[in-house]
Amino acid sequence: MKKVAVISLVCLMCVFLVSCAASKKSSAPVQRAGTEYAKLVFMGDECIAWFSPDLTVIGRMDMVEYLKENKLKPEENEILEHFASLGWEVIGTPRKDKYTKEYQFKRTR
């Protein structure tokens, strides 16, 4: 009788722990889905890359194509305004190194 009670208790604890873990996993993406982060990288005056959650990496040639499709001039201010119109806001100050300038973006969905 004691063995049955111990086994039942262990089984109930396992079911409880699995249900807790499953509920945490299902609720986590909902919280993260509210905010997206991205980066835009310039080399000199040329926009060379866009990193975002839905479009993992867009390289230099893809950026040239993107700018043509959206009828944008390859100017830093115009590109920043374009992404602002899509709901992206620049966060922090741009990171600069010897060759590149990187902007961090945030958007709430």
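Residues numbered from 1 in each chain as written. Predicted model: local features only at pLDDT ≥ 70, side-chain atom pairs only at ≥ 80, totals over all residues. Heavy atoms only, no water.

### Description of the side chain of Glu36
Point 1. Its location among the elements puts Glu36 in strand E1 (residues 35–43).
Point 2. Each residue touching Glu36, except ones within four places of it in the same chain, is listed here: Pro53, Trp88, Phe105, Lys106, Arg107 and Arg109. (Helix = DSSP H or I, 4+ residues; strand = E, 2+ residues; numbered from the N terminus. Contact = heavy atoms within 4.5 Å.)

### Points about the packing of aromatic side chains
Point 1. Across all of its chains, the model carries 6 aromatic pairs by this definition.
Point 2. Taken together, a centroid distance of 6.0 Å and an interplanar angle of 50° make the contact between Phe83 and Phe105 tilted. You can see Phe83 sitting in helix H3 (residues 76–85) and its partner Phe105 sitting in strand E5 (residues 100–108), a full 22 residues away along the chain. For the pair Phe83 and Phe105, one class covers both residues: buried.
Point 3. Members of the aromatic cluster, each reached through a chain of ring pairs, are Trp50, Tyr66, Phe83, Trp88 and Phe105. (Phe/Tyr/Trp six-rings, centres within 6.5 Å; stacked < 30°, edge-to-face > 60°. Buried < 20%, exposed > 50% of the residue type's maximum accessible area, 1.4 Å probe, protein only.)

### Observations concerning H3
Point 1. All of the buried residues in H3 are Ile79, Leu80, His82 and Phe83. Down the axis, H3 shows its buried residues gathered within 155° of arc, on one side only. When the buried face of H3 is taken as reference, the exposed residues oriented beyond 90 degrees from it are Asn77, Glu81 and Ser85.
Point 2. For H3, the elements touching its buried residues are E1, strand E2 (46–51), helix H2 (60–69) and E5.
Point 3. Immediately beyond the C-terminal end of H3, within one or two residues, lies Gly87, with a positive phi of roughly 100°. (Arc of directions from axis to C-beta.)

### Quick word on the pairing of E5
Point 1. Note that E1 and E5 share 9 bridges and pair antiparallel. Across the sheet, residue Lys39 finds its bridge partner in E5, namely Gln104.
Point 2. Relative to E5, strand E4 (residues 89–96) is paired through 5 bridges, and the arrangement is antiparallel. Pairing of Arg95 across the sheet is with Glu102, part of E5.
Point 3. Connecting E4 to the antiparallel partner E5 that follows it, the hairpin turn spans 3 residues. (Pairing = 2+ DSSP bridges.)

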